[in-house]
Amino acid sequence: MAAGGGGVADSLSPAGVPCAFSPHSQAYFALASADGHLRVWETASNRLHQEYVPSAHLSGTCTCLAWAPARLQAKESPQRKKRKSEPIGTSNQTDLLALGTAVGSILLYSTVKGELHSKLISGGHDNKVNCIQWHQENGCLYSCSDDKHIVEWNTQTCRVKCKWKGDNSSVSSLCISPDGKMLLSAGRTIKLWVLETKEVYRHFTGHATPVSSLMFTTIRPPNENQPFDGITGLYFLSGAVHDRLLNVWQVRSENKEKNAVMSFTVTDEPVYIDLTLSENREEPVKLAVVCRDGQVHLFEHILNGYCKKPLTSNCTIQIVTPGKGKKSTPKPIPILAAGFCSDKMSLLLVYGNWFQPTIERVALNSKEPHMCLVRDISNCWAPKVETAVTKVRTPVMNSEAKVLVPGIPGHHAAIKPTPPQTEKVESKRKLGGNELSIEERLGTLDIDSKKEKDDLPQTNSFPVLLAQGLESNDFEMLNKVLQTRNLNLIKRTVLRMPLHAVIPLLQELTKRLQGHPNSAVLMVQWLKCVLTVHASYLSTLPDLVPQLGTLYQLMESRVKTFQKLSHLHGKLILLITQVTASEKTKGMTCPEQKAKLVYEEESSEEESDDEIDKDSDDNWDEDEEEEESEKDEDIDEENEEEVEDTEEKDDENGEDRDVASEKELNGDSDLDPENESEEE
């Protein structure tokens, strides 16, 4: 039940190479490396059993593999008669291995014969095969691809039995139910199909990224009292690319529930998954998950319904190298795959590198939460390196012989011994205290600079490094080449690179364009040079559009937002310039400036006004004197009038008194109005 072989392989790291254990008590371990070679290892003796190189191993590399189930091995060739020299148990050893390629074809390889058994090509897929699953009983083979289709193959006739569209996007993973009547398929969403009618039975939410693994975890439902139809109540597991959660789903009778029931959390993206099936209600499910960081997480849980929080691992296994010396630190060894043994109490670990992995059986101890195994894998490569070195013979040279090296760039002639020069310099310093001459200083600086420059890669080796990095998917080698900023060097490298590396280079550039913006700026320069230099070659390719589909989509998405971003950029520039201008004007003080020359035009009205002003200015003092004299005269006249008035009033009062006395004497009264009027 391993899910490492049918997963999505990432070409940037060695952790995505397809691999799987054989169903016969895990006697063999098959892996397909990135160079297209298929290697089968014996798990007991850790020895290479077989190696197979397909004819199109470079163009059509292996993307997934799957072992045929144990029941089909004895039924492979029932009509063939056995020879007398053939052992009796040969039928149990016939192991078929299905290999899916990047071209869309499927190869069936026989490990007993050591050769290709058959090919499944006609009427199949047009694009990369993502996953292969064998049926447990009828011998059919199911495959899914990036062309959005699922194909059912008849392995005996090597023809397509049925083909239907599985999803709107690429279908990345498949799994067959334990009873063989249902099929799980996953792209971004998960669908459950009825194999007889090829209709969708259930829909599940799925993951945000493409699903890399699917497998059923239970054979029987937890409620044994209810009638069982073969699928309702079963649990299955799913893992996705760049997702650190493994979701568990349950097939229920109602259509409403589409979300996951529970989830397992790991430290990194799952690369290889193996589990033990739960056959009854009380038996827990054991799960071994190999992550991209090289660790193995072990889970043991009873599936009994909904669980809100994600479950953590019960045990973590890690392998390191022994540190040489006291100051040296141990380095981690990546674990490539892990599978449970038949007793379910031990684990097979595959660690090291893909070219010569180390396979070891480890007993599980449930009490320890963390297991750190110290292993030394340097001895695995030591004999081969020694035998390779002994083939090279070094010539025996005399100590007095002189070697003259031509002046090739990167090399220089042998330097003469320096002890006599140092003695002369010391004697000079002692006598006159003189320092080194300028020539000697420049000579020493030149030697040091040459030594430093020899470590850097030459410009002639850039096309070779680029081709090797694309073939071997070496991330560090590609970084050395693609992180150059020299435009002339980029053009030379693109001109000298081989034509078969153009498409892999474009695919590598599209992956890096989706990363950090700083690296995307460099990738755009490479992309421009490749498209301009190799435009004629690209126009001759018939399948250019599907191969560069992701690049087209990326460019369209970037160009759509360019106009909006340019409008926003212009508005922001206007706002920033206005804000800076206002801040500058606030901070600056206006200097006081005096005019050196002022010119005024003369008019008739201004002249008349000036004359009036001059006359008024001249007569101002005279007017003031006259006004003061007039004021004095007025005051004198007022005083005289007041004196005269007082005198007149006195006279009138005297006359009035005399009249009144006369009236009193005469007996006249003041009340008579006639008399008053007469007097008046």
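Bear in mind that the values here come from a model prediction, so they are computed numbers and not experimental data.

## Remarks on the overall build of the protein chain
- A tally of helices and strands in the protein chain yields 15 helices and 29 strands.
- In the protein chain, the proportion of contacts linking residues at least 24 apart, taken out of those at least 6 apart, comes to 51%.
- By element, 52% of the accessible surface of the protein chain is carried by carbon and sulfur atoms, the whole surface being about 43700 Å².

## Some points on the sheet that holds strand β13 (residues 173–176)
- The strand order β13-β14-β15-β16 describes an open sheet built from 4 strands, whose pairing is antiparallel. Single-partner strands in this sheet number two, and they are β13 and β16 (199–204). The sheet shows a mean angle of 25° between the axes of neighbouring strands, direction not considered.
- Pairing of strand β15 (residues 190–194) with β16, which is carried by 5 bridges, proceeds in the antiparallel orientation. Bridge pairing links Leu192 to Arg202 in β16.

## Considerations on helix α8 (residues 502–513)
- Here α8 spans 16 Å end to end across 12 residues, near enough to the 16 Å set by a 1.5 Å rise per residue.
- Those residues of α8 that sit buried are Val502, Ile503, Leu505, Leu506, Glu508, Leu509, Thr510, Arg512 and Leu513.

## Describing the side chain of Asp147
- Among the structural elements, Asp147 can be located in the loop between β10 (140–145) and β11 (149–154).
- Lacking a salt bridge, the buried Asp147 has Lys163 as its closest oppositely charged neighbour, with an N-O distance of 4.7 Å.
- Within polar-contact distance, the side chain of Asp147 engages the side chain of Ser145 at 3.3 Å.
- Sequence-distant contacts of Asp147, that is, excluding residues within four places in its chain, are made with Gly124, His125, Asp126 and Asn127.

## Observations regarding the packing of α8 against helix α9 (residues 517–533)
- Running from N to C, α8 and α9 point in directions that differ by 155°, and their axes come no closer than 9 Å. One way to sum up the angle between α8 and α9 is to call them roughly antiparallel. Regarding α8 and α9, the two cross each other, and that crossing is left-handed. Listed contacts from α9 to Val502, Leu505, Leu506, Leu509, Arg512 and Leu513 of α8 are Ser519, Ala520, Met523, Val524, Trp526, Leu527, Val530 and Leu531.
- Taken together, the residues of the contact of α8 with α9 break down into 12 nonpolar, 1 polar and 1 charged.

## Quick word on the UniProt feature "repeat: WD" (unreviewed entry) in the protein chain
- The UniProt record marks residues 122–157 with the feature "repeat: WD" (unreviewed entry), using the residue numbering of this structure.
- In residues 122–157, helix accounts for 0% and strand for 50%; the two terminal C-alpha atoms are 11 Å from one another.

## Quick notes on the environment of Gly469
- Locating Gly469 in the fold gives a position in helix α5 (residues 462–472).
- Take Gly469: its relative accessible area is 0%, and that puts it in the buried class.
- The spatial distance from the C-alpha of Gly469 to the C-alpha of Val481 is 9.0 Å, given a sequence separation of 12 residues.
- Setting aside its immediate chain neighbours within four residues, Gly469 contacts Asp474, Met477 and Leu478.

## Here's the deal with the pattern of salt bridges
- Tallied over the entire structure, the rule returns 9 salt bridges.
- The residue Lys198 makes a salt bridge to Glu152 at a minimum N-O spacing of 3.4 Å. Taken together, the positions of Lys198 in the loop between β15 and β16 and Glu152 in strand β11 put the pair 46 residues apart, joining distant regions of the chain. The same class applies to Lys198 as to Glu152, namely buried.
- Of the charged contacts, one joins Arg292 and Glu269 as a salt bridge, the two residues approaching to 3.1 Å between their closest N and O atoms. Residue Arg292 is found in the loop between β22 (285–291) and β23 (296–301), and its partner Glu269 is found in the loop between β20 (262–265) and β21 (270–276); the two are separated by 23 residues along the sequence.

## Re the sheet that holds strand β1 (residues 19–21)
- Strands sit in the order β1-β2-β3-β4 across an open sheet of 4 strands; the sheet is antiparallel. Since the sheet does not close on itself, it has two edges, and those belong to β1 and β4 (47–52), each with one partner. Averaged over all adjacent pairs, the angle separating strand axes in this sheet is 20°, with direction ignored.
- Sheet analysis places strand β2 (residues 28–32) next to strand β3 (residues 38–42), joined by 5 bridges and oriented antiparallel. The partner of Tyr28 across the bridge, within β3, is Glu42.

## A short note on the environment of Asn304
- Its location among the elements puts Asn304 in the loop between β23 and β24 (315–320).
- Asn304 gets classed as exposed once you look at its relative accessible area, which sits at 60%.
- Sequence separation between Asn304 and Glu282 is 22 residues; the distance between their C-alpha atoms is 9.4 Å.

## Thoughts on the side chain of Gln50
- Turning to its location among the elements, Gln50 is positioned in strand β4.
- Separated by 2.7 Å, the side chains of Gln50 and Tyr109 make a polar contact.
- Excluding residues that lie within four positions of it along the chain, Gln50 makes contacts with Leu38, Arg39, Val40, Tyr109, Ser110, Thr111, Val112 and Gly114.

## With respect to the nonpolar core
- If you look at the biggest cluster of nonpolar residues, it comprises 31 residues, and the most contacted ones within it are Phe29, Val296, Leu298, Ile317, Ile335, Leu347 and Leu349.
- When near neighbours in sequence (up to four residues on either side) are disregarded, Ile317 contacts Gln295, Val296, Leu298, Ile335, Leu347, Leu349, Leu364, Met371 and Leu373.
- Ranked by size, the runner-up nonpolar core spans 30 residues in total, among them Leu470, Met497, Leu506 and Ala520.

## Some thoughts on the packing of helix α7 (residues 487–496) against α9
- At a minimum axis separation of 10 Å, α7 and α9 run at an interaxial angle of 45°. With respect to each other, α7 and α9 are oriented oblique. Considering only the axes of α7 and α9, their crossing is right-handed. Along its contact with α7, which presents Leu487, Ile490, Lys491, Thr493, Val494 and Leu495, the element α9 presents Gln525, Trp526, Cys529, Val530 and Val533.
- Classifying every residue of the contact of α7 with α9 by side-chain character gives 8 nonpolar, 2 polar and 1 charged.

## Considering the pairing of strand β14 (residues 182–186)
- Here β14 lies mainly inside the structure; 5 of its 5 residues are buried.
- With burial as the criterion, each face of β14 is covered, one bearing Met182, Leu184 and Ala186 and the other bearing Leu183 and Ser185.
- Of the pairings in the sheet, the one linking β13 to β14 comprises 4 bridges and is antiparallel in character. Paired with Ser173 across the strands is Ala186, a residue of β14.
- In terms of strand pairing, β14 meets β15 through 5 bridges, oriented antiparallel. Across the sheet, the residue bridging to Leu183 is Trp193, located in β15.
- The loop that links β14 with its antiparallel partner β15 comprises 3 residues.

Rules and cut-offs
Residues numbered from 1 in each chain as written. Predicted model: local features only at pLDDT ≥ 70, side-chain atom pairs only at ≥ 80, totals over all residues. Heavy atoms only, no water. Helix = DSSP H or I, 4+ residues; strand = E, 2+ residues; numbered from the N terminus. Contact = heavy atoms within 4.5 Å. Areas by Shrake-Rupley, 256 points an atom, 1.4 Å probe, with all protein chains shown as cover. Pairing = 2+ DSSP bridges. Axes fitted to C-alpha atoms, helices over the stretch in contact; angles between N-to-C directions. Expected span 1.5 Å × (residues − 1). Buried < 20%, exposed > 50% of the residue type's maximum accessible area, 1.4 Å probe, protein only. Lys, Arg positive; Asp, Glu negative; His and termini not counted. Salt bridge = Lys/Arg side-chain N within 4 Å of Asp/Glu carboxyl O. Polar contact = N/O pair within 3.5 Å; in protein donor to acceptor, adjacent residues only side chain to side chain. Parallel < 35°, antiparallel > 145°, perpendicular 65-115°, else oblique. Left-handed = near helix turned anticlockwise from the far one by under 90°. Nonpolar A, V, L, I, M, F, W, Y, C, P; charged D, E, K, R; others polar. UniProt positions renumbered as here; feature names shortened; annotations may be inferred. Core = buried A, V, L, I, M, F, W, Y, C linked by side-chain atoms within 4.5 Å.

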